[in-house]
Structures are given as C-alpha cells and as structure tokens.
Amino acid sequence: SGAKSFNMMAMPMFIFAGSLMVYGSTPRLMRFVNMMLRKMPGGLGATALAACGFFGAVSGSGVASAAAIGKIIGPEMLEQKYPRGLTVGLIAAGGTMACIIPPSIVMVVYASSSGASVGDMFLAGFVPGFICILIGLNTFFAVKRGNKENVEKTDYTAKERLRIIGDALLPLLMPIFVLGGVFSGICTATEASVVAVIYSFILAVFVYRELTLREFYKVAAESVVTTGVI
C-alpha cells in the first residue's frame with residue numbers, strides 16, 4: 001500500500017520514457033552536445049556529462065542515464081586514451097545528476113514518503129542540477145593530464161551545424177514539455193510522465209523509425225525490472 005500512490009506512478013513512466021529515447025533521440029542529442037563542447041579541454045568527457053544531464057531531464061533515473069550514455073560514449077572515451085577509472089567515474093557521476101535535475105525519481109519517491117510537493121521539489125532542483133559543476137571538474141582533469149584527446153577540432157560547416165541542430169530539436173523539446181507542464185501547473189508530475197512516454201514513443205516509432213515491436217517489448221521489460229529494483 002505504500003507504493004500505491006498517484007505520485008509514484010511517475011517513476012515507471014519516466015524510466016520508460018528514458019528507455020524509449022535511446023532509439024533515435026539520444027544519439028542525436030549526443031551529436032548536438034559534442035558539436036557544442038568538443039573544442040574545450042576534455043571535450044569528450046564534457047559531452048558525456050552534458051548528455052547525462054539531458055538524459056536525466058527525461059528519464060529521472062541516474063542508473064538509466066549512466067547506462068544509456070555509457071554504452072554510447074564510454075568506448076569512444078577509452079579509444080581517446082581517457083584513463084579507465086576517469087571514464088567510469090565521469091559517466092557514473094554524470095548519472096547522479098539525474099537525482100537533482102527534474103524529473104528526479106529520487107524526488108518523486110521522497111515526496112511520496114514525506115508529503116512534500118513534487119512540483120516544488122522539481123523547481124528547487126532545476127538550477128543546481130543545470131549548473132554542471134562536474135563539467136568544470138572534468139576540464140580541470142583534462143588540463144592536468146595534458147588534454148591528450150585526438151578528437152577532430154575542425155569546425156563544422158554551417159550546413160552541418162544546421163542539420164545537427166535540426167536533428168536534436170525534437171528531443172530537446174522533451175524537457176520543455178515535461179518541466180513546462182509541471183511548473184506552469186498545466187499537469188502534475190505523473191501526468192507529465194505519461195506525456196513524456198507518448199512523445200518519446202512517437203519519436204522512436206514514427207519520426208526516427210528505429211523502434212521495432214521486438215525492441216519495444218525489450219524496453220518495456222527492462223523498465224519494469226528497473227522500477228522493481230528501485
């Protein structure tokens with residue numbers, strides 16, 4: 001009966017939405033973030049952290065963020081001679097930003113237990129979650145180790161930039177719909193989580209056409225397992 005709460009229903013929905021975003025949306029967000037941050041020292045590490053932040057703003061789950069982003073960027077970081085420990089540490093720490101950046105599952109669970117307002121907690125976590133102090137720490141490590149990355153530093157053409165921004169535009173709207181709905185009072189956090197699932201499903205199936213029926217079953221099952229673990 002403790003878990004039978006309207007607020008708690010947001011947890012499986014946000015996890016499900018984050019899992020669906022892997023099909024088409026997450027790689028496009030990664031390319032956008034990489035374009036913006038690649039020239040700074042430790043650009044690949046900064047990309048990993050920023051991508052974890054974006055993903056956390058959809059899924060609300062630190063585990064899901066670290067797993068989804070780590071699978072994509074982890075091997076590339078190792079290839080660019082990032083120390084294995086630093087690679088794991090950055091991705092794991094990046095995942096923890098999802099505990100602060102709304103919609104945080106930790107906040108949902110706490111609010112359900114304490115009677116606090118989920119919307120107020122989301123609002124309180126918005127600014128500290130997006131300060132991205134971890135990116136500054138990554139830059140410090142990069143300078144200290146001589147910024148040994150061999151990432152291509154040449155500029156994108158204007159056409160390439162516009163294409164990358166255009167590809168990332170629809171996924172970038174997801175946090176705006178979710179957080180905007182909650183902060184404006186149009187919907188509750190639980191209702192916003194359902195909107196996130198529907199939106200991510202439409203992108204994965206009808207826009208990017210990367211989600212098959214077999215993969216949908218797999219994503220649904222994994223989301224149930226993750227929810228059960230929490």
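In this report, we go over the structure that sits alongside the text. Along each chain, residue indices are assigned from 1 in the same order as the chain's sequence is written. For a predicted model such as this one, the threshold for reporting local features is a pLDDT of at least 70, and the threshold for listing and counting side-chain atom pairs is 80 or more; totals across whole chains, interfaces and linings nevertheless cover every residue. Water and hydrogen atoms play no part in the side-chain values, which are based on all heavy atoms of the structure.

**Describing the overall build of the protein chain**
Part 1: A count of helical and extended segments in the protein chain gives 11 helices and zero strands.
Part 2: Under the scheme used here, helices are H or I runs from DSSP no shorter than 4 residues and strands are E runs no shorter than 2 residues, and both carry numbers assigned from the N terminus. Reading the secondary structure of the protein chain in the N-to-C direction produces α-α-α-α-α-α-α-α-α-α-α.
Part 3: To get the radius of gyration, use the C-alpha atoms; to get the globule rule, take the number of residues to the power 0.38 and multiply by 2.2 Å. Against the compact-globule benchmark of 17 Å for 230 residues, the protein chain has a radius of gyration of 18 Å, which places it among compact chains.
Part 4: Along the three orthogonal principal directions, the C-alpha set of the protein chain runs to about 55 × 35 × 30 Å.
Part 5: If you take every contact in the protein chain between residues at least 6 apart in sequence, the share linking residues at least 24 apart comes to 78%.
Part 6: Here the open area of atoms and residues is found with the Shrake-Rupley method and a 1.4 Å probe, where only the protein chains shown may cover a residue. When the accessible area of the protein chain is evaluated, it comes to approximately 11,400 Å², of which 68% is carbon and sulfur surface. Here, two residues are considered to be in contact whenever any of their heavy atoms come within 4.5 Å of each other.

**Looking at the packing of aromatic side chains**
Part 1: Aromatic pairing here means that ring centres of Phe, Tyr or Trp (its six-membered ring) are within 6.5 Å. Orientation follows from the plane angle: under 30 degrees is stacked, over 60 is edge-to-face, and everything else is tilted. As enumerated under the stated definition, the model contains five aromatic pairs in all.
Part 2: On the numbers, 5.2 Å between centres and 85° between planes, the contact of Phe177 with Tyr199 is edge-to-face. Of this pair, Phe177 sits in helix H9 (residues 158-184) while Tyr199 sits in helix H10 (residues 189-207); the two residues are 22 residues apart in sequence, bridging distant segments of the chain.
Part 3: Burial status follows relative accessibility: with a 1.4 Å probe on protein chains alone, a residue under 20% of its type maximum counts as buried, one over 50% as exposed, and anything between as partly exposed. Classification of Phe177 as partly exposed rests on a relative accessible area of 41%.

**Considerations on the side chain of Thr26**
Part 1: Here Thr26 lies in helix H2 (residues 25-37).
Part 2: Judged by its relative accessible area of 2%, Thr26 is buried.
Part 3: Once you skip the residues sitting within four places of it in the chain, Thr26 turns out to touch Met21, Phe55, Ile69 and Ile72.

**Describing helix H11 (residues 213-229)**
Part 1: Here H11 is 17 residues long and its end C-alpha atoms lie 25 Å apart, about the 24 Å a rise of 1.5 Å per residue gives.
Part 2: Turning to H11, its buried residues number three or more, namely Val219, Ser223 and Thr227. End-on view of H11: buried residues confined to an arc of 70°, all on one side of the axis. Summarising the geometry of H11, the exposed residues directed more than 90 degrees from the buried face are Arg214, Tyr217, Val224, Val225, Gly228 and Val229.
Part 3: Looking at the buried side of H11, the elements it contacts are helix H1 (10-21). The span you would expect from a helix comes to 1.5 Å times its residue count less one. Taken from the helix axis, the directions to the C-beta atoms give the arc we talk about.

**A few points about the nonpolar core**
Part 1: We call a set of buried residues a nonpolar core when its members are Ala, Val, Leu, Ile, Met, Phe, Trp, Tyr or Cys and they connect through side-chain atoms within 4.5 Å of each other. Residues Ile69, Ile73, Met77, Phe122, Met174 and Val178 are the most contacted members of the largest nonpolar core, which totals 58 residues.
Part 2: A total of 10 residues in this core trace back to one element, the largest contributor, which is helix H3 (residues 43-59).
Part 3: Residue contacts for Ile69: discarding those within four places in its chain leaves Thr26, Met30, Ala48, Ala51, Cys52, Phe55 and Gly74.

**Some words on the side chain of Ser65**
Part 1: Here Ser65 shows up in helix H4 (residues 62-79).
Part 2: In this structure Ser65 comes out as buried when scored by relative accessible area, which is 0%.

**With respect to the pattern of salt bridges**
Part 1: For this document, the term salt bridge refers to a Lys or Arg side-chain nitrogen within 4 Å of an Asp or Glu carboxyl oxygen. Within the structure shown, the criterion is met by one salt bridge.
Part 2: Its salt-bridge partner being Glu210, residue Arg28 comes within 3.6 Å of it at the nearest N-O pair. Here Arg28, found in helix H2, pairs with Glu210, found in the loop between H10 and H11; they are 182 residues apart in sequence, far enough to count as distant.

**Some thoughts on a nonpolar patch on the surface**
Part 1: Exposure above 30% relative accessible area and no salt bridge define the residues that can form patches, which grow by joining like charges within 9 Å and nonpolar side chains of Val, Leu, Ile, Met, Phe, Trp and Tyr within 5 Å. The grouping of Leu170, Val194, Ile198, Phe201, Ile202, Phe206 and Val207 at the surface amounts to a nonpolar patch, some 570 Å² of accessible area in total.
Part 2: Here the nonpolar patch takes six residues from H10, the largest share from any one element.
Part 3: Following the sequence through the fold, Val194 ends up in helix H10.

**Brief notes about the packing of H1 against H10**
Part 1: The convention used is that axes are lines fitted to C-alpha atoms, helices contributing only their stretch in contact, and that angles between N-to-C directions extend from 0 to 180 degrees. Relative to each other, H1 and H10 sit at 20°, their axes nearing to 8 Å. By the angle between their axes, H1 is roughly parallel relative to H10. When you trace H1 past H10, the crossing you get is left-handed. When H1 is examined against H10, the residues Ala10, Met13, Phe14, Phe16, Ala17, Leu20 and Met21 are found in contact with a partner set consisting of Ala189, Thr190, Ala192, Ser193, Val194, Ala196, Val197, Ser200, Phe201 and Ala204. Any angle that is under 35 degrees is reported as roughly parallel, and any over 145 degrees as roughly antiparallel; angles of 65 to 115 degrees are reported as roughly perpendicular and all others as oblique. In this scheme, a crossing is called left-handed if the near helix is turned counterclockwise away from the far one by less than a right angle; it is called right-handed if the turn is clockwise.

**Digging into the environment of Cys52**
Part 1: Turning to its location among the elements, Cys52 is positioned in helix H3.
Part 2: Along the chain, Cys52 and Ala64 lie 12 residues apart, while their C-alpha atoms are 9.3 Å from each other.
Part 3: Sequence-distant contacts of Cys52, that is, excluding residues within four places in its chain, are made with Ser65, Ile69, Ile91, Gly94, Gly95 and Met97.

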